[in-house]
2 protein chains.
Amino acid sequence: MTDQSAPTTAAGGEPATARGEQTRQLILETAMRMFRERGYARTTMRAIAQEAGVAVGNAYYYFGSKEHLIQEFYLRTQREHAAAARPVLDRESDFAARLSGVLHAAIDVLAPSHEFAASFFKVAAEPTSPLSPFSAETAAPREAAVALFAEVLAGSTAKVDPELRPQLPELLWLAYMGTVLYWVYDRSPGQARTRKLIDGAVPLIDRLVGLSRLRVLRPATRQVVDLIRTLRH
Amino acid sequence: MTDQSAPTTAAGGEPATARGEQTRQLILETAMRMFRERGYARTTMRAIAQEAGVAVGNAYYYFGSKEHLIQEFYLRTQREHAAAARPVLDRESDFAARLSGVLHAAIDVLAPSHEFAASFFKVAAEPTSPLSPFSAETAAPREAAVALFAEVLAGSTAKVDPELRPQLPELLWLAYMGTVLYWVYDRSPGQARTRKLIDGAVPLIDRLVGLSRLRVLRPATRQVVDLIRTLRH
DNA sequence: GGCAGAAGTTGAACGCGTTCAAGATGGCCG
DNA sequence: CGGCCATCTTGAACGCGTTCAACTTCTGCC
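Each chain carries its own residue numbering, running from 1 in the written order of its sequence. Chains carry letters from A onward and ligands carry numbers from 1 onward, assigned in written order. Two thresholds apply to this predicted model, a pLDDT of at least 70 for residue-level local features and 80 or more for giving and counting side-chain atom pairs, whereas whole-chain, interface and lining totals are computed over all residues. Excluding hydrogens and water, the side-chain figures rest on all heavy atoms present in the structure.

(A) Focus on the pattern of salt bridges. Residues and elements named next belong to chain A. We define a salt bridge as a side-chain nitrogen of Lys or Arg found within 4 Å of a carboxyl oxygen belonging to Asp or Glu. For the structure shown, the criterion picks out 26 salt bridges over all chains. Glu29 is the partner of Arg76 in a salt bridge, and the nearest nitrogen-oxygen pair spans 3.1 Å. Of the two residues, Arg76 is situated in helix H4 (residues 66-91) and Glu29 in helix H1 (residues 18-38); the sequence distance between them amounts to 47 residues. Here the term buried applies to any residue with accessible area under 20% of the maximum for its type, exposed to any over 50%, and partly exposed to those in between, with areas from a 1.4 Å probe on protein chains only. Take Glu29: its relative accessible area is 39%, and that puts it in the partly exposed class. The salt bridge partner of Arg195 is Asp108, with a shortest N-O separation of 2.7 Å. Only DSSP runs of H or I with at least four residues qualify as helices, and only runs of E with at least two residues qualify as strands; both kinds are numbered from the N terminus onward.

(B) Structural view of the protein's contact with DNA strand C. In the region of DNA strand C, 23 residues are neighbours, and Ala55(A), Tyr62(A), Arg46(B), Tyr60(B) and Lys66(B) sit closest. Counting only atoms of DNA strand C within 4 Å of the protein, the fraction found in sugar and phosphate groups is 65%. For DNA strand C, a phosphate oxygen lies 2.8 Å from a polar atom in the backbone of Ala55(A). In protein, a polar contact requires one atom able to donate a hydrogen and another able to accept it; more generally it is a pair of N or O atoms within 3.5 Å, and residues adjacent in sequence count only if both atoms are side-chain atoms. Tyr62(A) is positioned such that a nitrogen or oxygen atom in its side chain is 2.8 Å from a phosphate oxygen of DNA strand C. Listed by contribution, the elements that provide at least two residues to the surface near DNA strand C are H1 and helix H3 (56-62) of chain A together with helix H2 (45-52) and helix H3 (56-62) of chain B. Classification convention: Asp, Glu, Lys, Arg as charged; Ala, Val, Leu, Ile, Met, Phe, Trp, Tyr, Cys, Pro as nonpolar; all other residues, Gly among them, as polar. Looking at the surface near DNA strand C residue by residue, the class counts come to 9 nonpolar, 10 polar and 4 charged. We call a residue near a molecule or strand whenever a single non-hydrogen atom of that residue lies within 4 Å of it.

(C) Local environment of the environment of Pro112(B). With respect to the secondary-structure elements, Pro112(B) resides in the loop between helix H5 (95-110) and helix H6 (114-125). Along the backbone, Pro112(B) and Ile205(B) are 93 residues apart, and their C-alpha atoms lie at a distance of 27 Å.

(D) Up close: the side chain of Lys66(B). Residues and elements named next belong to chain B. Among the structural elements, Lys66 can be located in helix H4 (residues 66-91). Asp and Glu are treated as the negative residues and Lys and Arg as the positive ones, with His and the ends of the chain left uncounted. Look at Lys66: it is buried, it has no salt bridge, and the nearest opposite charge is Glu67 at 9.3 Å. Residue contacts are counted whenever heavy atoms from the two residues lie within 4.5 Å of one another. Ignoring sequence-local partners within four residues, the contact set of Lys66 consists of Phe35, Tyr40, Ala41, Thr43 and Met45.

(E) Representation of a nonpolar patch on the surface. Residues enter patches when their relative accessible area tops 30% and they take part in no salt bridge; the joining distance is 9 Å for like charges and 5 Å for the nonpolar side chains Val, Leu, Ile, Met, Phe, Trp and Tyr. Using a 1.4 Å probe, accessible areas were evaluated by the Shrake-Rupley method; residue-level cover was limited to the displayed protein chains. Judged by side-chain polarity, Leu214(A), Val216(A) and Val216(B) come together as a nonpolar surface patch covering roughly 190 Å² of accessible area. With respect to the helices, strands and loops of the structure, Leu214(A) is situated in the loop between helix H9 (192-211) and helix H10 (218-231).

(F) Spotlight on the relation of the copies chain B and chain A. Alignment of the copies relies on least squares applied to C-alpha atoms, considering only residues that score at least 70 for pLDDT in both. Least-squares fitting of chain B to chain A yields an RMSD of 0.1 Å, with the transformation described by 0.0 Å of translation along the axis and a rotation of 180 degrees. Here the symmetry operator amounts to a two-fold rotation axis. Using C-alpha coordinates, one finds that chain B approaches the rotation axis most closely at Lys122(B), a distance of 2.8 Å. Both copies contact each other with a shared surface, as 100% of the interface residues of chain B are interface residues in chain A too.

(G) Focus on the interface of chain B and chain A. On the side of chain A, 38 residues touch chain B, which itself brings 38 residues to the contact. Note on definitions: buried area is the accessible-area loss of two parts on being combined, 1.4 Å probe, summed for both. Summing the contributions of chain B and of chain A, the shared interface buries around 3300 Å²; its carbon and sulfur component is 67%. Considering only the surface of chain B that becomes buried against chain A, Lys122(B), Tyr185(B) and Leu231(B) emerge as the three largest contributors, covering 20% of it. Here chain B and chain A share 0 salt bridges between them. Viewed at the interface, chain A and chain B are joined by 4 residue pairs in polar contact (both at pLDDT 80 or more).

(H) Summary view of the protein's contact with DNA strand D. In the vicinity of DNA strand D, 24 residues are found, and the nearest of them are Arg46(A), Tyr60(A), Lys66(A), Thr17(B) and Tyr62(B). Backbone sugar and phosphate groups make up 64% of those atoms of DNA strand D lying within 4 Å of the protein. In this structure, Arg46(A) approaches DNA strand D through a side-chain N or O atom, which is 2.7 Å from a base nitrogen. Contact between DNA strand D and Thr17(B): a phosphate oxygen at 2.8 Å from a side-chain N or O atom of the residue. If you list the elements that add at least two residues to the surface near DNA strand D, you get helix H2 (45-52) and H3 of chain A together with helix H1 (18-38) and H3 of chain B. Take the surface near DNA strand D: its biggest share by element is 4 residues, from H3(B).

(I) Summary view of the packing of helix H8 (residues 168-185) of chain A against H9(A). Residues and elements named next belong to chain A. Only C-alpha atoms enter the line fits that serve as axes; for helices the fit covers just the stretch in contact. Angles between N-to-C directions range over 0 to 180 degrees. Between H8 and H9, the least distance of the axes is 10 Å, while the angle of their chain directions is 160 degrees. Classified by the angle between their axes, H8 and H9 sit roughly antiparallel to one another. Note that H8 runs across H9; the crossing there is right-handed. The segment H8 lies against H9, with Leu168, Leu172, Ala175, Thr179, Tyr182 and Trp183 engaging Arg193, Thr194, Leu197, Ile198, Ile205 and Val209. Considering only residue class, the contact of H8 with H9 consists of 9 nonpolar, 2 polar and 1 charged. Any angle that falls under 35 degrees is termed roughly parallel, while one over 145 is termed roughly antiparallel, one within 65 to 115 roughly perpendicular, and all others oblique. Helix crossings get a hand from a simple test, with the near helix turned counterclockwise from the far one by less than a right angle marking a left-handed crossing and a clockwise turn marking a right-handed one.

(J) Local environment of the environment of Ser100(B). Residue and element names in this part refer to chain B. Checked against the element boundaries, Ser100 lands in helix H5. Along the chain, Ser100 and Pro15 lie 85 residues apart, while their C-alpha atoms are 39 Å from each other. Setting aside anything within four residues of it in sequence, one finds Ser100 in contact with Ile198, Asp199 and Val202.

See below:
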């Protein structure tokens, strides 16, 4: 009874006609605007539908759930982030400057959605949710983000332990996730604390990465690399 | 209109009579059992009330929301964890052994609730939620947990950089939070990966803590300490 | 043009967490 | 004993996310 390879029309899939695409976009824009204005929890599906001038069920034709509307936010943010990071990556060659630029760019992009992102985060945090940053469904944006950090490293003049180097992009992505986590919880005005976290953590990461080749630290470096390998299967 | 210092009777507060206490316990036991049996999402408040033989509203008299029932789970787990860690703390004096023992004890205690803990985690993750591990309402169990890691350090023979030492318990607690985070997402049978994470990370932490006094690492150590101080205000 | 079927659309209905006005209980004091 | 009041209990009702059978619109084909 379960549709295993069903050629289902939509609900997560893309619309097949121009009309569908238009409706989908309309609902999406309306939802995003309302999320930003009133927050996620206080924006009801009924309100979104009414504002967009469609029936409630129609929204569910294009988006499997209210949470799936957030998925779209996730994708957009990722694209915006990559774009915002571009100038820095084209200009700088110093590892710390590149990393700092990319992290600050992320917060720049996220800034207008801080309040809304909090509720969004709750949803993403559930491991069983398809929106989890570690889930299969979010693989595309996640890999794009990891690629961004691979570029941070590749375009830099940093000298890195050769064993650590291939693992570093994912570690940097993890640090990025940590930064976002901190940002979500950051209640300071303008999320100034997060800026301080970045400014403090980047030189530290920079130094540790540089030290990773040191004789005394090689065992520790190797330990880190082995641990990552073990956990990845 | 808002009750700012209201001497409200309950809904988060303690019952005032023996009868109340009894009802509260009954609801709590029923809820915990059902959460473990069916999971959080599929256990409805109506079902809890019916099983406990009370009205729905009665449950809300003692617990502000379905989420508040989880708060209780949080408290119990913390108590169990402290108890489970006791033997190790009384026996071992080696830092790595103590840390490993305390972390494994935590997973031991959490193990039976893995599925349920996932949904619980979703709730705890929301920054605005009173159940967030960083919120004021959870200060008591959090401080108890930090105290546990202070004891891990205090009772050990580890030599630590004197500047780092006072910050270390909270850092260890953070590592513990990270471990729990990993555990929540861990889908491997019996959460074996989390065990590997602990077994891999503990020697690493042990080594880094030991190295923190080294000449070459002092600047990095100081950087870490400064960063923590900055972020704490 | 007509028609089959895919694509898109509708809104009433379901079960959920939560609220609250109303009622029941029980201990304390005159 | 009688009445008062804090405490406790009730369950109908509300708004929410979500579902789905029925309906309409559009496209390709003869």
